[in-house]
Amino acid sequence: MRARRIGLSTSQHQPTAYMRSDCDVCRSEGFAARSEILVASGHGEIVAGIVHCSPELLHGDEIGLCEKAWASLRVEPGELVAVGHAPTVASLGELRRRVYGNRLSQGSFQAIITDVVAGRYNDVHLASFVTACSAFPLDLDETMGLTRAMVDVGDRLSWGSGIVVDKHSVGGLPGNRTTPIVVAIVAAQGLLMPKTSSRAITSPAGTADTMETLAPVDLNLAAIRRVVEQEGGCIVWGGSVRLSPADDFIIGVERVLDLDAVGQMVASVLSKKIAAGSTHLVIDMPIGPSAKVRSEAAGIVLSDALLAVARGFGLETRIMPGPGLEPVGRGIGPALEARDVLAVLRNNPGLEDLRSRAIELAGAILELGGRTPPRSGAELAAQTLASGSAWEKFQRICEAQGGMREPPCAAHRHTLTAARPGRITGIDNRKLAKLAKLAGAPAAKAAGLEMHVRLGDAVEIGRELCTVHAETHGELHYALAYAAADGAIFTVAE
């Protein structure tokens, strides 16, 4: 059939092919809507899901390709491609075993994750896998098996035989952009910290999104090694080096289903750290009713699972529970969070919550990595920050990654104010995150929120609560409409 570019972006995971239901190939081969086909060109092949279309869209001998399919096959308009039935995916048998409540072996997980990364699982298969591992939770052996499989199907980094430290935040808390500060402190003290970070999936900013407003983050492996060898640390986007590539597919489905099963969360966190070559890890775990970990009991369950699996892989790990009742820092969104980072590194006044949390985490890493004795890490981290050493190191890292730049500013702003007097007794982190995303974050780097109050603050009528930043008038309008319709973002008690 002749290839035609449709210009549509569809599923994150599986490509889509468009065919007329009355075309000869569909009729003779029995290609029904939503069935899967193998499409091959001279440059590669893909498994695609079929969408039937009307005769007005395509000629009878044409197959329409979504953007992902077009990029994968690397064809020219009108170029001939071969179309046939998709091969049988053997690991679906293992998936069905898990759906029916059976435990899976390391080999079973290896087969499933290999097929996921190869694009052989469609969204229905992925959703079934995620659900089966959530409704019937993974035990320790299965979590180990899934973690190992996720590591093995991607790239792995090696930094020699020495200590390699890392940090991860469980997430769910707006702002809290401690990573750039922590890397600067730790690298300034001589420990190796090659930090690969993610972009936002459902939050207003990921560490990579924030760092990208300050320096390039899309570095290849050779560039990452050069930066780390030169400066002892980096803050880059992990997607460029394919660390645990199955993770993004699984997380995407989990977010749609609003599932956060412990076993999958542990495999997600640790597979990337193991693949990155880390030997020592500190995990920041905010706990609060609108954070990802909502109670101390849930935190204990997750901590126990993380520590057990980390021990199995020889990854020395420390969990750092912390408050998750309100944002850490003032900014929510890539550029606004970057400005917070710069303010702390430059030792500007304010932002004591972000400064304090970064010092705690950096101190824990310095202790875990053997740079300082137990219970003295926070003091050394604070000295490194106050002396300007961390700021100097951060600037050098940015220059090594391609040059430091100033975060952008939004063209449109509007400040939300208190409608009644009282005291701030509650802040809904999830609603704050949604408000920031409606304003355009993270795609619009300058968009987001700037916080003006904290829990316990007394407010009068008209007191500024937060300022919405947007790059376009339309995005500002949508964000303000949401804020007006849902007045429960800030709880003010008289």
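Use the structure listed above.
Report on the accompanying structure. Just so we're clear, the structure is a prediction, and the values are computed from it rather than from any experiment. (Residues numbered from 1 in each chain as written. Predicted model: local features only at pLDDT ≥ 70, side-chain atom pairs only at ≥ 80, totals over all residues. Heavy atoms only, no water.)

## What to know about the overall build of the chain
(1) Moving on: In terms of regular secondary structure, the chain is built from 18 helices and 18 strands.
(2) Moving on: Whereas a compact globule of 494 residues would reach a radius of gyration of roughly 23 Å, the chain reaches 24 Å, a difference of no more than 12%.
(3) Moving on: Viewed in the frame of its principal axes, the chain has a C-alpha envelope of about 70 × 55 × 45 Å.
(4) Moving on: Across the 494 residues of the chain, 53% fall into the buried class.
(5) Moving on: Carbon and sulfur atoms provide 52% of the accessible area of the chain, an area that totals close to 20,400 Å².
(6) Moving on: Distance from the positive charge centre (49 side chains) to the negative charge centre (54 side chains) of the chain: 2 Å. (Helix = DSSP H or I, 4+ residues; strand = E, 2+ residues; numbered from the N terminus. Rg over C-alpha atoms; globule rule 2.2 N^0.38 Å. Buried < 20%, exposed > 50% of the residue type's maximum accessible area, 1.4 Å probe, protein only. Areas by Shrake-Rupley, 256 points an atom, 1.4 Å probe, with all protein chains shown as cover. Lys, Arg positive; Asp, Glu negative; His and termini not counted. Charge placed at Lys NZ, Arg CZ, Asp CG, Glu CD.)

## Quick notes on unusual backbone geometry
(1) Moving on: Across the junction of A441 and P442, the peptide omega takes the value 5°, indicating a cis bond.
(2) Moving on: Looking at the secondary structure, you find P442 in the loop between helix 17 (429-438) and strand 15 (448-451).
(3) Moving on: Residues other than glycine seldom take positive phi values, yet D258 does so here, at roughly 55°.
(4) Moving on: Take D258: it is sitting in the loop between helix 10 (246-257) and helix 11 (262-275).
(5) Moving on: One non-glycine residue, N347, lies in the positive phi region at around 60°.
(6) Moving on: Considering the arrangement of structural elements, one finds N347 in the loop between helix 13 (334-345) and helix 14 (352-368).

## Regarding the nonpolar core
(1) Moving on: Counting residues in each nonpolar core, the largest one holds 43 residues, and the members touching the most others are I181, V186, L345 and F394.
(2) Moving on: For this core, the leading source of residues is helix 14, giving nine residues.
(3) Moving on: When neighbours within four sequence positions are excluded, L345 is seen to be in contact with I181, A184, L385, A390, W391 and F394.
(4) Moving on: Within the second largest apolar cluster, 34 residues are counted, among which are V236, V269, I287 and V293. (Core = buried A, V, L, I, M, F, W, Y, C linked by side-chain atoms within 4.5 Å. Contact = heavy atoms within 4.5 Å.)

## A word on the pattern of salt bridges
One side chain can pair with another of opposite charge once the charged atoms of both are near each other.
(1) Moving on: As enumerated under the stated definition, the model contains 30 salt bridges in all.
(2) Moving on: Residues E67 and R5 are paired through a salt bridge, measuring 2.8 Å at the closest nitrogen-oxygen approach. In this pair, E67 is assigned in helix 2 (residues 67-73) and R5 in strand 1 (residues 2-5), connecting sequence segments 62 residues apart.
(3) Moving on: Between K393 and E231 there is a salt bridge whose closest N-O contact spans 3.1 Å. Residue K393 is found in helix 16 (residues 389-400), and its partner E231 is found in helix 9 (residues 221-231); the two are separated by 162 residues along the sequence. (Salt bridge = Lys/Arg side-chain N within 4 Å of Asp/Glu carboxyl O.)

## What to know about helix 10
(1) Moving on: Between its terminal C-alpha atoms helix 10 stretches 17 Å, which fits the 16 Å expected from twelve residues at 1.5 Å a residue.
(2) Moving on: For helix 10, the full list of buried residues reads A246, D247, F249, I250, I251, G252, V253 and E254.
(3) Moving on: If you follow the buried residues of helix 10, they end up packed against helix 4 (106-117), helix 5 (123-135), helix 6 (140-152) and helix 11.
(4) Moving on: Note on helix 10: the residue one or two positions beyond its end, D258, has a positive phi of about 55°. (Expected span 1.5 Å × (residues − 1).)

## Brief notes about the state of the cysteines
In a disulfide, the sulfur atoms of two cysteines are covalently bonded to one another.
(1) Moving on: Scanning the model with the defined rule gives zero disulfides in all.
(2) Moving on: Note on C234: no disulfide assigned, nearest cysteine sulfur contributed by C398 at a separation of 11 Å. (Disulfide = S-S within 2.5 Å.)

## Regarding the sheet that holds strand 12 (residues 331-332)
(1) Moving on: Strand order in the open sheet formed by four strands is 12-15-17-13, and the pairing between neighbours is antiparallel. Edge positions in the sheet fall to strand 12 and strand 13 (412-417), since each has one partner strand and no second.
(2) Moving on: Relative to strand 17 (residues 464-470), strand 15 runs antiparallel, the two being bridged by four bridges. Among the inter-strand pairings, G448 is bridged to a residue of strand 17, identified as H469.
(3) Moving on: On the sheet, helix 18 (residues 473-485) packs against strand 13 and strand 17 and is oriented at approximately 10° with respect to strand 13. (Pairing = 2+ DSSP bridges. Axes fitted to C-alpha atoms, helices over the stretch in contact; angles between N-to-C directions.)

## A look at helix 15 (residues 377-386)
(1) Moving on: Among all positions of helix 15, only G377, L380, A381, T384 and L385 are buried. For helix 15, the arc enclosing every buried residue in end-on projection is 135°, short of the 170-degree limit, so these residues lie on one face. Exposed residues on helix 15 whose side chains face more than 90 degrees from its buried face are E379 and A386.
(2) Moving on: The inward-facing, buried residues of helix 15 contact helix 7 (179-188), helix 13, helix 14 and helix 16. (Arc of directions from axis to C-beta.)

## Some thoughts on the side chain of Q189
(1) Moving on: As for its placement among the helices and strands, Q189 is situated in the loop between helix 7 and strand 8 (193-197).
(2) Moving on: The exposure class assigned to Q189 is buried, which follows from its relative accessible area of 15%.
(3) Moving on: What Q189 contacts, discounting residues up to four positions off in sequence, is L366, R371, L380 and T384.

## Looking at the sheet that holds strand 14 (residues 422-427)
(1) Moving on: Taking strand neighbours across the sheet as the criterion, the three strands line up as 16-14-18 in an open arrangement whose pairing is antiparallel. At either margin of the open sheet sits one strand with a lone partner, and together these are strand 16 (458-459) and strand 18 (490-493).

## Notes on the environment of A135
(1) Moving on: Examined against the element boundaries, A135 turns out to sit in helix 5.
(2) Moving on: For the pair A135 and V341, spaced 206 residues apart in the sequence, the C-alpha separation amounts to 40 Å.

## Re the packing of aromatic side chains
(1) Moving on: As enumerated under the stated definition, the model contains two aromatic pairs in all.
(2) Moving on: With a centroid separation of 6.4 Å and an interplanar angle of 20°, the aromatic rings of W391 and F394 are classed as stacked. A residue pair is termed a helical-turn pair when its members lie 3 or 4 positions apart in one helix, as W391 and F394 do in helix 16 at three residues.
(3) Moving on: On the basis of relative accessible area, F394 is assigned to the buried category, the value being 0%. (Phe/Tyr/Trp six-rings, centres within 6.5 Å; stacked < 30°, edge-to-face > 60°.)

## Topic: empty space enclosed by the protein
(1) Moving on: Taken as a whole, this structure holds one cavity of 30 Å³ or more when the rule is applied.
(2) Moving on: The volume enclosed by the largest cavity comes to roughly 40 Å³.
(3) Moving on: Surrounding the largest cavity, L146, M150, D247, I250, I251, E254, Q264 and S268 form its lining.
(4) Moving on: Every element with two or more residues in the lining of the largest cavity is listed here: helix 6, helix 10 and helix 11.
(5) Moving on: Per-element tally for the lining of the largest cavity: the top contributor is helix 10, with four residues.
(6) Moving on: Class assignment for the residues of the lining of the largest cavity results in four nonpolar, two polar and two charged. (1 Å grid on protein atoms, 1.4 Å probe; cavity = no way out; pocket = protein on both sides within 12 Å on 5 of 7 lines; lining within 4 Å. Points joined across faces, edges and corners; volume = space filled by probe spheres on them. Nonpolar A, V, L, I, M, F, W, Y, C, P; charged D, E, K, R; others polar.)

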